[in-house]
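# Geometric and topological summary
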Amino acid sequence: MDMQSLYLTVPLAPLAGALVAGLFGRSIGRTGAHLVTILGVLVSFLASILIFQDVLAGNTFNGALYTWITSGDVSLEIGFLIDRLTTVMMLVVTFVSLCVHVYTIGYMSDDDGYQRFFSYISLFTFSMLMLVMSNNFLQLFFGWEAVGLVSYLLIGFWYTRESAIYANLKAFLVNRVGDFGFLLGIGLVLAYFGSLDYAQVFQKAPTLAHESISILDGHAWSLLTVICILLFIGAMGKSAQFPLHVWLPDSMEGPTPISALIHAATMVTAGIFMVARMSPLFELSDTALSFVMIIGAITALFMGFLGMIQNDIKRVVAYSTLSQLGYMTVALGASAYSVAIFHLMTHAFFKALLFLAAGSVIIGMHHDQDIRNMGGLRKYMPITWITLLIGSLALIGTPGLSGFFSKDSIILATYASDLYGSGFAAFAVTAGVFVTAFYSFRMYFLVFHGKERFHNAHAGHDQEGGKDDDQHGHHGGGHGTPHESPWVVWLPLVLLAIPSVYAGWAYIEPMLFGDYFGGAIFVNHEAHKAMSDLAHHFHGAGAMTLHALMTLPFWLAVAGVATAYYLYMVRRDLPEKIRRQAGVLYTILDQKYGFDRFNDWFFAGGARWLGGRLWRWGDVTAIDGVMVNGSARVVGQFARLARGLQSGYIYHYAFAMIIGVALLVTVFVG
Amino acid sequence: MLEATGLFGIGWLSLAIWVPILAGVLILTTGDDSNAEGQRTLALLGALAGFAAAVPLWTGFDAATPVMQFEELASWIPAFNINYHLGVDGIAMPFVLLNSFTTILVVLAGWQVIQSKVGQYMAAFLIQSGLINGVFCALDGVLFYVFFEAMLIPLYLIIGMWGGQNRVYAAIKFFLYTLLGSLLMLVAMMYLFFQADGSFEILAWHKAGLTMTAQVLLFVAFFFAFAVKVPMWPVHTWLPDAHVEAPTGGSVVLAAITLKVGAYGFLRFILPIVPDAAHELTWLIVTFSLIAVVYIGLVALVQSDMKKLIAYSSIAHMGFVTLGFFLFNPLGIEGGLIQMISHGFVSAAMFLCVGVMYDRMHSRQIADYGGVANTMPKFAAFFMLFAMANAGLPATSGFVGEFMVVLGAVQVNFWWAALAATTLIFGAAYTLWMVKRVVFGKVANEHVAELTDIDGREFIVLGILALCVLGMGVYPLPFTEVMHASVDNLLAHVAHSKLVY
């Protein structure tokens, strides 16, 4: 098989699986559906490995599959760009997707929508692969919207739940706000570069570095700044950056496997990937980079705060995801694109692990998601316990584990950046370390240690298990003793725990300081020194690990864990007291800074109010009332004539008339 | 391929026009509803034959040339130099196919629903189909005018006879609106007859030099005729009423085809005949178009009647068409044309979906539904797909035209593009909010609980449209390719002033 067929196999195998499971789900049955989709993703994963090896051997590919449209001198194509950045993403996507597919067998085992679910997650895998393998902005946008569609379908998977169908509409619309910017950015690229092909655009970018456009009269802005910020607005939607982050916590209404796959490991990192892919453009605009860094820093710190007070196990992990996406965005702003991708990769492993482990806890707890009802679970769910602990340690940056290498590199890159906003970003990502450690271990202690609280928990929990459709109804009412999950559930946890441990140690050197990314990522080292600075101080993974023990982030992480231990293991009475003391501060966090309320009131309510007014005053009163019904008398007269219509006879008259007139004219005038 | 080859010495264009009309007339002679089954079969055969006559236009089309193809020319009224002159270029040809194709769907959609005056119902649609083909094929002004007016009569009757409660009001509102425009157009045509040295040839009008005053007046006259049909804001209020009262088939034809006639008029008449006035008045059309996108998008959001919502969404989508035309660049015009074809598929599908529900529940009110996915899963999947196409999701046809027009708009004016791009948000908001309230959720009431999923006939109709929507979204190249030569030619023509002083 030649390489190009292999490239095609990667996205098409999951698509084939999705089509078979989706269209023939009933006839192939449950087993058939999961076999065919898992086979598709497995083929895709294996093909990705082969392609990875080929790319490591120095081969890249950039070519069109087919022409989508031509118009004037514009030709838009569907095609692949296979380079080192692409292959990292392909491996991450197919590996996590494979784990999630297997896990789903267990997690969704008693769900009526089993086949539909497998079809959706395979369709997602296809869309995500098309996105990362694209060689042009058009296909990027295709994949971008397609993953959004599947995300919409999966958040609303349990479509009888009001909260789920509210959340999926919200997710789609907030993403569309981002896409609005993204589309205009793409439009400007085509208008000024004359092409949507990455290679052509990047090649031409330096010549347009000093081009300016006047969008508002009298204000000349740098073209590339405008383009980059518009593109980044798209990333803010998809990667849930402040203030377009509001959809991600609500997306937890979807089943847990997709929270791991879509809302942690892959789709939400599409924005990070996109900016890294566009590095030749972003490098030309310091303003855009500053904007990116500040948005990322706000997200990293302030979304972390919200994670500290959540009681739903999935929402803790969700806010953690928001915060970590902020870290990646900060890295992009500091021109440390490779670090962002590195963190994207390690985060994909440990965050997918955390979500799936949380899902395992949810199964063990008979679909109760409230961590206040748990406690002492380590005895009952040993594999889940250990793997979740590994994931948490990786997340908080324990020296030696994967998250340490990527997160510390981000922090160091921020210190090295001298762009506007880098001081604030440095503060945010450093302080974020404490916050991350605190919420991670608050959850960990509450779930796995301390008193067993599940026996006296009230039955009427209202989370995932309490959904009002009846497929999980038999779990309702009272708690049994928690139990370890079946092997299809814990095996993916183990598979993900392995890279969560070693991926940082093993890959930091080639990915950040070796020439791994080669030409795929462009950094202007003259102007943006973060990466060269990092390289200067890097003396191997071992030295970095040892050195970390003497740095602030490490001790902040230790402090975070210790605080969580003290508050939730030693002095269980304190959190409640603090909560009461904190008053306003707690309310602000509890209300998530008020974004949801404001958006509901201002945007959703405002649009409906405005629409209603325009309709009443514009269409009904002004146009129909004055213009049309001003001739109401005429209408009235016609109406008398028209009553005859119902007889059906006038039908014949009308045709006789037209034909008659035509004939008369022909005969007499002709 | 420039000469008309056809069957029995009759050109393909004449066949595409007269086969459905004759089939319709034939059905009228078959008596009353006691022959309903035969009438339905005859109608389906007529629609299929009409489509078969249109297919050679696509397969035999020479995309390399902008000149009129499949031309037919015969003298009609020699005293006034009025001819039976037909021909299509890359702009008109796709719509003959779209129209003939839609007719098949409409016949199938009315198969069981229409139980009274079946013959007349089917005949009206077939005759209308032929007349609309005539509009797209006519190269003689008078011939165009006759078809343009005559096509309204069947639609008027469809609404008036098979419509809902308020059908007479809606039919008359529709009739009055369009009549006003047509009369002005007739005057404009008279004037052009003399300016073009006594010719009713539309192509001769393209060449006639005109003063600015004359151009502006002609622009206004044609604009009224076509803007009402599109319909553009602020002459759009007849459309929601007409849709609400029309039977499903009527809505389908109205949305999929009739609106396109108005937009087609802009390209065949306004741009080439009065290019200087068109450039001069671009601001006006662009303003109306953008109002259609933003204002109508917001208005659609608050509709409680599904058909009204889709009708308003049609107006917003047609705003993209007129915006694209007045960008005067290839992406804009071809994007507008693509949007017209796509809207033919998507709006037809949306109205058919509402029809499927209406046939079962006899309500179009969103509030009467909820949780339809529980009882009609297959239908829900189709509805979801078409809703996504309506919201312009990539890989559906709904994306292609909007994307092209936005790209074309950025080249001209960033803010036009920005306002047009708000459809990403509004289009998704009004469409998916409706989907949420109708399809998702718990079973809302016992009527929804009793719903039965789509049957084989409905499945085929929606399935064909689904294939069209996806096919065009994934691979739109064939659609744009047939247009290039004609659109480039039009743009070259429009770029040259034809002012005389």
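Sequence order as written defines residue numbering, which begins from 1 separately in each chain. Labels are handed out in written order, letters beginning with A for the chains and numbers beginning with 1 for the ligands. Where local features are concerned, this predicted model is filtered to residues with pLDDT of at least 70; where side-chain atom pairs are given and counted, the filter is 80 or more; whole-chain, interface and lining totals use all residues. Remark: hydrogens and water are excluded; side-chain values derive from all non-hydrogen atoms of the structure.

### A short note on the overall build of chain B
Secondary structure elements follow DSSP: runs of H or I no shorter than four residues count as helices, runs of E no shorter than two count as strands, and numbering proceeds from the N terminus. The helix and strand tally for chain B stands at 24 helices and four strands. Scaling as 2.2 N^0.38, a compact globule of 501 residues should have a C-alpha radius of gyration of about 23 Å, and chain B matches this with 22 Å. Relative accessibility thresholds used throughout: buried, under 20% of the residue-type maximum; exposed, over 50%; partly exposed, between the two (1.4 Å probe, protein chains only). Expressed as a percentage of the 501 residues in chain B, the buried residues total 71%. Contacts were defined at the residue level, with two residues in contact if any of their heavy atoms lie within 4.5 Å. When contacts within chain B are restricted to residue pairs at least 6 apart in sequence, long-range pairs at least 24 apart make up 81% of them. As a reference, a globule follows 2.2 Å times the number of residues to the power 0.38, and the radius of gyration itself is taken over C-alpha atoms.

### Some points on the packing of aromatic side chains
Aromatic ring pairs are described here by two measures, namely the spacing of the ring centres and the angle between the planes. Only rings of Phe, Tyr and Trp enter the pairing, Trp through its six-membered ring, and a pair is recorded when the two centres are within 6.5 Å. The plane angle decides the type: under 30 degrees is stacked, over 60 is edge-to-face, the rest tilted. For the structure shown, the criterion picks out 73 aromatic pairs over all chains. Judged by centre distance (5.8 Å) and plane angle (75°), the ring pair of B:Phe326 and B:Phe328 falls under edge-to-face. We note that B:Phe326, like B:Phe328, is buried. A cation sits over an aromatic face here: A:Arg616 above A:Trp615, 4.8 Å from the ring centre. The criterion for a charge sitting over a ring is simple: Lys NZ or Arg CZ within 6 Å of the ring centre, and within 35 degrees of the ring normal.

### Details of the interface of chain B and chain A
Facing the 83 residues of chain B at the interface are 73 residues of chain A. Once two parts are brought into contact, the accessible area they lose, counted with a 1.4 Å probe and summed over both, makes up the buried area. Between chain B and chain A the total buried area reaches about 6900 Å² when both faces are included, carbon and sulfur atoms providing 77% of it. Counted as salt bridges are all cases of a side-chain nitrogen of Lys or Arg within 4 Å of a carboxyl oxygen of Asp or Glu. Across the chain B-chain A interface, the total number found is one salt bridge. Taking the shortest distance from any N to any O, the salt bridge between B:Lys436 and A:Glu162 comes out at 3.0 Å. Polar contact is defined as a pair of N or O atoms within 3.5 Å, subject to the rule that within protein one atom must be able to donate a hydrogen and the other to accept it, and that residues adjacent in sequence are counted only when both atoms are side-chain atoms. Our enumeration of links across chain B and chain A arrives at 14 residue pairs in polar contact (both at pLDDT 80 or more). Any residue outside Ala, Val, Leu, Ile, Met, Phe, Trp, Tyr, Cys, Pro, Asp, Glu, Lys and Arg is labelled polar, Gly included; the first ten of those are nonpolar and the last four are charged. When grouped by side-chain class, the residues that make up the side of chain B that touches chain A number 62 nonpolar, 13 polar and eight charged.

### Details of the pattern of salt bridges
In the structure shown here, the tally under the stated rule is 18 salt bridges over all chains. Between A:Asp250 and A:Arg315 there is a salt bridge, and its shortest N-O distance comes to 3.6 Å. Linking A:Asp250 in helix H9 (residues 247-250) with A:Arg315 in helix H14 (residues 313-333), this pair joins segments that are 65 residues apart in sequence. Residue A:Arg315 is classed as buried on the basis of its relative accessible area, which comes to 16%. Where B:Asp89 meets B:Arg268, a salt bridge forms, and the shortest distance between an N and an O atom there is 2.8 Å. In this pair, B:Asp89 sits in the loop between strand E4 (82-88) and helix H3 (93-109) while B:Arg268 sits in helix H11 (residues 248-273), placing the two residues 179 residues apart along the sequence. With a relative accessible area of 5%, B:Asp89 lands in the buried category. Residues participating in the shared-partner salt-bridge network are A:Lys170, A:Asp250, A:Arg315, A:Lys592 and A:Asp596.

### Details of the nonpolar core
If you look at the biggest cluster of nonpolar residues, it comprises 458 residues, and the most contacted ones within it are A:Leu281, B:Phe144 and B:Phe326. Element by element, the count of residues in this core is highest for helix H15 (residues 337-364) of chain A, at 20 residues. Excluding residues that lie within four positions of it along the chain, B:Phe144 makes contacts with B:Val135, B:Ala138, B:Met185, B:Met189, B:Ile202, B:Phe226, B:Tyr264 and B:Phe269. What we call a nonpolar core is a set of buried Ala, Val, Leu, Ile, Met, Phe, Trp, Tyr and Cys residues that are connected through their side-chain atoms within 4.5 Å.

### Points about helix H18 (residues 422-448) of chain A
Residue and element names in this part refer to chain A. A helix's residues, less one, multiplied by 1.5 Å, set its expected span. Between the first and last C-alpha of H18 there are 38 Å, a value that for 27 residues agrees with the 39 Å anticipated at 1.5 Å per step. If you look at H18, its biggest bend is around 25°, right at Val433. The buried fraction of H18 is high, at 22 of 27 residues. One or two steps after H18, the chain reaches Gly450, where phi turns positive at roughly 75°. The angle separating two fitted axes, one through the seven residues that finish at a residue and one through the seven that start at it, defines the bend at that residue.

### Digging into the pairing of strand E2 (residues 74-82) of chain A
Residues and elements named next belong to chain A. Taken across its nine residues, E2 has seven buried, putting it largely inside the fold. In this analysis, strands are considered paired if DSSP registers two or more bridges between them. Strand direction decides the pairing type here: strand E1 (residues 61-71) and E2, joined by nine bridges, are antiparallel. Bridge pairing in E2 links Asn62 to Leu81.

### Regarding the confidence of the model for chain A
With 90% of its residues at a pLDDT of at least 70, chain A reaches an overall mean of 85. One confidence number per residue, pLDDT, is output by the predictor and ranges from 0 to 100. Note on residues 459-478 of chain A: pLDDT is under 50 here. Beyond four places in sequence and across chains, it has 41 contacts.

### What to know about the environment of A:Gln139
Residue and element names in this part refer to chain A. Here Gln139 shows up in helix H5 (residues 137-155). Overall, Gln139 belongs to the buried group, its relative accessible area being 1%. Sequence spacing of Gln139 and Leu76 is 63 residues, and the spatial spacing of their C-alpha atoms is 9.1 Å. Excluding its chain neighbours within four sequence positions, the residues that come into contact with Gln139 are Ile78, Gly79, Phe80, Met130 and Ser134.

### Digging into the packing of helix H17 (residues 377-390) of chain B against helix H22 (residues 456-474) of chain B
All names here are of chain B. Angles here are taken between N-to-C directions and fall from 0 to 180 degrees, while the axes themselves are lines fitted to C-alpha atoms, restricted in helices to the stretch in contact. At a minimum axis separation of 11 Å, H17 and H22 run at an interaxial angle of 30°. The orientation of H17 relative to H22 falls into the category roughly parallel. For the pair H17 and H22, the sense of crossing is left-handed. Only Phe459, Leu462, Gly463, Leu465, Ala466, Val469 and Leu470 of H22 make contact with H17, whose side of the interface consists of Lys378, Phe379, Phe382, Leu385, Phe386 and Ala389. For this classification, under 35 degrees means roughly parallel, over 145 means roughly antiparallel, 65 to 115 means roughly perpendicular, and everything else is oblique. Two helices that cross are described as forming a left-handed crossing if the nearer one is turned anticlockwise from the farther one by less than a right angle, and a right-handed crossing if clockwise.

### A few points about the packing of helix H2 (residues 25-56) of chain A against helix H4 (residues 114-133) of chain A
Residue and element names in this part refer to chain A. Remark: H2 packs on H4, axes separated minimally by 8 Å, with the N-to-C direction vectors making an angle of 25°. Taken together, the axes of H2 and H4 are roughly parallel relative to one another. When you trace H2 past H4, the crossing you get is left-handed. Along its contact with H2, which presents Gly25, Gly29, Arg30, Ala33, His34, Thr37, Val41 and Ser44, the element H4 presents Tyr114, Gln115, Phe118, Ser122 and Leu129.

### Remarks on the pairing of strand E4 (residues 219-222) of chain A
Residues and elements named next belong to chain A. Bridging between strand E3 (residues 212-216) and E4 involves three bridges; their strand directions are antiparallel. Note on E4: the bridge partner recorded for Ile213 is Trp221. Linking E3 back to E4 in an antiparallel pair, the connection comprises two residues, with Gly218 at a positive phi of about 85°.

### Details of the environment of A:Asn136
All names here are of chain A. Positionally, Asn136 belongs in the loop between H4 and H5. For the pair formed by Asn136 and Tyr439, sequence separation is 303 residues and the distance between their alpha carbons is 40 Å. If sequence neighbours within four positions are ignored, Asn136 has contacts with Glu77, Ile78, Gly79, Leu196, Asp197 and Tyr198. A distance of 2.7 Å separates a polar side-chain atom of Asn136 from the backbone nitrogen of Gln139.

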